[in-house]
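# Residue-level structure breakdown
The chain contents come next:
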Amino acid sequence: MVNKGTQTTSMRAHTLDTLGLGTPLAAFRAGRLPADAASLVDTIFGPANDRGSLVISGANGIVGAGKTMQFASRLQPFGVTVVGLDMANAPDGIGRKYPGLVASFGVEQAAKIMGSVVQMKYDGRTLPSALAGFKPRFLLEAIPEILALKRAHYALFRAAFPGIPIRSVTSGFPARELGVGVAHPAFPHEINKIFEIVEETPSASTQLLWALGLIPMEVSDDWSFILDVIFCGVTLAALRYHASSNMPYWKIDKFVRKYFGPNPLRAHDAIGAKGADFLTWSCLHHLAKEYGAVFEPTADLTERKDTGQNWYPPNHLRPLVDWALTPEADDELRTAIAGPVIQMTSLMLHERRSHLAQMNAIGELCAQFRRGVVAMIRSMGADRAIATVEAWHARHPEAATSAWYPDALDAVNEPEGQQLYVNAEHDGTVGVITLSRESYTSDVDEELNRAIGWLKAAGIDRVILSGDFHLSTQMVGADTTEFFPALDDASAGQALAERWSATARRLHTEFATSVGVITGKRCLGGMLELMAHCHVVVCTEGTQLGFPEVTLPVVPGMEACHWPFRKATKEGWTRLLGLLLSGHAVRADQAVGWLVDASGSIDEVLSTAWALAAGTSNIKRRSFEEGALKGLPGTAPDLPAVEGPALDAARKAIVDSVHASCGAPLAEAIHVQARHSGAFMTSSACRKGRVGSEFAKTMVV
C-alpha cells in the first residue's frame, strides 16, 4: 500500500489511520503524537473559562457506572464535570464503584474524581432543570436496550440542547436505527478500553477517546457490530450443543475455554445473568430477523432472559466426577462451536465490518478468544474452515440458507489478513515496524519475520520497532499459553526459545541501525527481550520495565539471560541480575545506561528515535560483547525473601542460565539459553507454578 501524501509504503493499512490520525511513521517523523487530549477537550467541551459537561444517561447501570468512572478519572484533570443521569428509583451503581476507584488511584485522587461527578435523578420524561447549569456538551446514552425508549430519549435532549452530539453504548442497534452515532464499549466495562465506533467520518470525540488512552475502533453500521456477533455467537453455539447433547452448561464452558479461549456462560453469570442474558438474546433476536437461522436464539436463552437464572449451578451442586470425551465426540463438539463462529465471521468479512486487525483484536481483547477469529480461520486455511462449517450444516441445515459467504474467507490471504499483529512501512530510507498485540506469540513471530523480510527486500537498513499507538497500549511479555506443549517436552520449549530468539536477533544482525521504542505503561518479559535486541532502546520515562519470569516461574527464553549483559558494563550486571531474580520492575528513567539507552517524554522519545534511525542523533550505541563474559555475580543484593521452593528453584535455574549463556560465545549462547529454558519448563517447580496451574485449569478437561 502506498500513501501518496507522504510517499510512504506499508504492508497494509494502519488501524491508526482509520481514526484519521495518520501513521506511526508520520508520528516519528513529526516528533509528536497526532492528537492531544487538552486541545480535543477544548474542541468538544469548550475552553477552560466556559467548560461544558459530559452527560451519561443510565449512569447507575452496569455499563453507565463503569463508563462514568472511566471518563471521570480521565477528564477530571481537564475540569470537565461528568453528570450521571438516571431514574429516581435507580440503585446507586456509581457509589459501588468507589472502592475500586480508591484501589486504583488512592483516597485523595479518588475523592477528586468523585468530586467531578454530579448525580441527577429524573422521571424519564422531563430533564432536571438544574442540568442546563452544567452546560451539557456531549451525551453518552446507556439506557435500556429498547429502541423506542432510546429514540424518545434523544428527542428529549435535542429539544433541550439543540445540536448536542450524542453517542449510544447500544450493544446491538445500528446507528441508522437509533438516529445517533455509536460508541459501544467492550466488557468488562470498568476496565476494558475498547470502543466500537460507528460514525460517518472520524470525529473529534473519537480522537479524544484515543488521546485519553482508550482504544476506539471504527466499525461499519451493521447489527451488533463485531464484539457481540462473536461473543453472542459463541454463546449461542455452546447453548445449541447443550440442546443436542444434554452436556451440562459448565462442562461445555470448560471445553470452549480449552479449544477457543472464552468461558461465555460463566461470563454471563459474572456480568450479571439477568442483564447479560437479555442483551445476548436481544442481539441474537435482531440478528436472526436480519440474517436468518444461524443467529436464532435457543429456547433456554429465551427463557432465561426473563428469569435471570445463572447458567452455572452453585459449587456445592456441581458433580465431583469429571469425564473425558471420545475422539468422535470431541471432534463433534469442536465443530459445533467453530462451525457457527466461522459462518458468522464470513458474514462480517463479506460486509467488511472493520479492518481485519481490529476484528481480530476485538475477538481476543474483548471476547477472550485465545486466537482471534480471523487468525483462527487463517491458521485453519479457508478449505478446512469451509469444511468445518459444512460439517456443522449437516446437523443444522437451516443455518446454511443465509448469511454464509465461504468466498469471503479468502480475505485472510490478503495482506490485511496476513499481517494481523505486525505492520511495516517505510519512506525509502527508514522503516517502522509496529506491533499491535500486547503479548508475543508464534503468530506475532511469524508476522515479524515477514515484516523484516519485506523491509529488507525494499533495501531498508534503518528501522524503528514500536507498538502501533492504537491496539497495543503496553507490552506484557510472552503469551504463556505458548508454553503449554513444553511442560511435557523440553525439546518443545527449547525449539520455541530458539525460534523466537532467532527472530529477535534479526533486528541486531540485518539492519545497520535498529531502534526499539517503548511507550505505554509497561514492557515486560519476552517483549522487553525483543526490544533489547535493537541496537538502541528509547523509552518514555515512566514506563515500567522488568523480567517477571521468575514469578511464573520460567527461565527467560528470548536471551534475557545473556543479551542485556553483553551490552552492559560490569556495574550494570548486578542490576540486571536483580531484575531477573526479583521479578520486580524498574522505571525506564532509572534504567538508562544499563538496560535502555535514553528516556524522556513521549514527544522526546519520538523525535529521538527518528534522529537515531535517520543517523542525526548524538546518542552512541553501547558496545556489544560477542565473546564469553567473565566475572558475573552469583546473586543480587536486596532480593526479597524466598517464598517457597518454586521461587528458590527458579532463581537457581536463572543464575545457572545466566552463567552458562554469558559464558558462551554469541553463536553458541542462543542454544545454551534455550536448553536451560526448555529444561526448566518440565520441572515440578514450573508445573506447580502459574503456567502449570493455568495449563491444568484450561487444558485438563
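Residues numbered from 1 in each chain as written. Predicted model: local features only at pLDDT ≥ 70, side-chain atom pairs only at ≥ 80, totals over all residues. Heavy atoms only, no water.

Looking only at helices and strands, the protein chain has 27 helices and 21 strands in total. For the protein chain, the spread of C-alpha atoms along the principal axes amounts to about 75 × 70 × 55 Å. Long-range pairs, those at least 24 residues apart, make up 75% of the contacts in the protein chain with a sequence separation of at least 6. Roughly 26,600 Å² of accessible area belongs to the protein chain as shown, and the carbon and sulfur atoms make up 53% of that amount. Put simply, the protein chain has 64 plus and 73 minus side-chain charges, and the middle of one group is 4 Å from the middle of the other. (Helix = DSSP H or I, 4+ residues; strand = E, 2+ residues; numbered from the N terminus. Contact = heavy atoms within 4.5 Å. Areas by Shrake-Rupley, 256 points an atom, 1.4 Å probe, with all protein chains shown as cover. Lys, Arg positive; Asp, Glu negative; His and termini not counted. Charge placed at Lys NZ, Arg CZ, Asp CG, Glu CD.)

This part covers the sheet that holds strand β17 (residues 522-524). Taken together, 3 strands build an open sheet; the order of strands is β17-β19-β20 and the sheet is mixed. Edge positions in the open sheet fall to β17 and β20 (585-587), since each of these has one partner strand only. Strand-to-strand, the axes of this sheet are offset by a mean angle of 25°, without reference to chain direction. Where strand β19 (residues 544-546) lies against β20, 3 bridges are found, and the strand directions are antiparallel. (Pairing = 2+ DSSP bridges. Axes fitted to C-alpha atoms, helices over the stretch in contact; angles between N-to-C directions.)

In this section: the packing of helix α2 (residues 37-45) against helix α7 (residues 204-211). Angle between the axes and distance between the axes are the two parameters that describe a pair of packed helices. The contact between α2 and α7 brings their axes to 9 Å, and the two run at 145°. The chirality of how α2 crosses α7 is left-handed. Across the interface between the two elements, A37, L40, V41, T43, I44 and F45 from α2 touch A204, S205, Q207, L208 and A211 from α7. The residue inventory of the contact of α2 with α7, partitioned by class, reads 8 nonpolar, 3 polar and no charged. (Left-handed = near helix turned anticlockwise from the far one by under 90°. Nonpolar A, V, L, I, M, F, W, Y, C, P; charged D, E, K, R; others polar.)

Spatial strand order, β5-β4-β3-β6-β7-β8-β9-β10: 8 strands in an open sheet with mixed pairing. Two strands lie at the open edges of the sheet, namely β5 (117-122) and β10 (215-218), each paired on one side alone. When the angles between neighbouring strand axes are averaged without regard to direction, this sheet yields 25°. With 4 bridges connecting them, strand β8 (residues 181-185) and strand β9 (residues 194-198) associate as antiparallel partners. Within β9, the position partnered with H184 by the bridge is E196. Helix-sheet contacts for α2 involve β3 (53-57) and β6 (136-141), and the interaxial angle to β6 is about 95°. Its contacts with the sheet place α7 against β6, β7 (166-168), β9 and β10, and it is angled at close to 140° to β10.

Burial analysis of β9 places 5 of its 5 residues in the buried class, the great majority of the element. Residue alternation in β9 divides its side chains into two sets, I194, E196 and V198 and F195 and I197, and both sets are buried. Taken together, the 4 bridges between β9 and β10 define a ladder with parallel strand orientation. Residue pairing across strands places F195 opposite P216, the latter belonging to β10. (Buried < 20%, exposed > 50% of the residue type's maximum accessible area, 1.4 Å probe, protein only.)

Before going further, it helps to spend a moment on the side chain of S73. Inspection of the secondary structure assignment puts S73 in helix α3 (residues 62-75). In terms of polar contacts, S73 uses its side chain to reach the backbone carbonyl oxygen of Q70, at 3.0 Å. What S73 contacts, discounting residues up to four positions off in sequence, is F105 and I113. (Polar contact = N/O pair within 3.5 Å; in protein donor to acceptor, adjacent residues only side chain to side chain.)

In this section: the domain arrangement of the protein chain. What the domain assignment reports for the protein chain is domain 1 (37-218), domain 2 (227-417) and domain 3 (421-699). When each unit is reduced to the centre of its C-alpha atoms, the spacing between domain 1 and domain 3 is 40 Å. Carbon and sulfur atoms supply 58% of the area buried between domain 1 and domain 3, which totals about 400 Å² over both sides. In this assembly, domain 1 and domain 3 are joined by 0 salt bridges. Applying the counting criterion to the domain 1 and domain 3 interface returns 2 residue pairs in polar contact (both at pLDDT 80 or more). It is β10 that provides the largest number of residues to the side of domain 1 that touches domain 3, a total of 3 residues. (Domains from an automatic or database assignment. Buried area = accessible area lost by both parts, 1.4 Å probe. Salt bridge = Lys/Arg side-chain N within 4 Å of Asp/Glu carboxyl O.)

Attention shifts here to the nonpolar core. By size, the foremost hydrophobic cluster in this structure holds 172 residues, and its most contacted members are F295, I433, L530, L545, F565 and L595. The element contributing the most residues to this core is helix α8 (residues 227-245), with 11 residues. If you look at the next biggest cluster of nonpolar residues, it comprises 54 residues, including I44, V82, V432 and I464. (Core = buried A, V, L, I, M, F, W, Y, C linked by side-chain atoms within 4.5 Å.)

In this section: the environment of A367. You can see A367 is positioned in the loop between α14 (356-365) and α15 (373-380). For the pair A367 and R522, spaced 155 residues apart in the sequence, the C-alpha separation amounts to 23 Å. When neighbours within four sequence positions are excluded, A367 is seen to be in contact with L227, I230, F231, P262 and I362.

This brings us to helix α23 (residues 602-614). Given 3.6 residues per turn, any residue in an α-helix points the same way as the ones three and four places further on. Taking 1.5 Å per residue, 13 residues should reach 18 Å; α23 reaches 18 Å between its end C-alpha atoms and fits that length. Three or more residues of α23 are buried, namely V605, L606, A609, W610, A611, L612 and A613. At its buried positions, α23 is contacted by α1 (24-30), β12 (430-435), β14 (462-467), β16 (513-518), β18 (536-540) and β21 (598-600). Count one or two residues on from α23 and you reach G615, which has phi positive near 85°. (Expected span 1.5 Å × (residues − 1).)

Let us look at unusual backbone geometry. Residue L552 is joined to P553 through a cis peptide bond whose omega torsion reads -15°. Its identity is not glycine, yet S224 carries a phi of approximately 65°, on the positive side. Look at F469: it is not a glycine, yet its phi comes out positive at around 60°.

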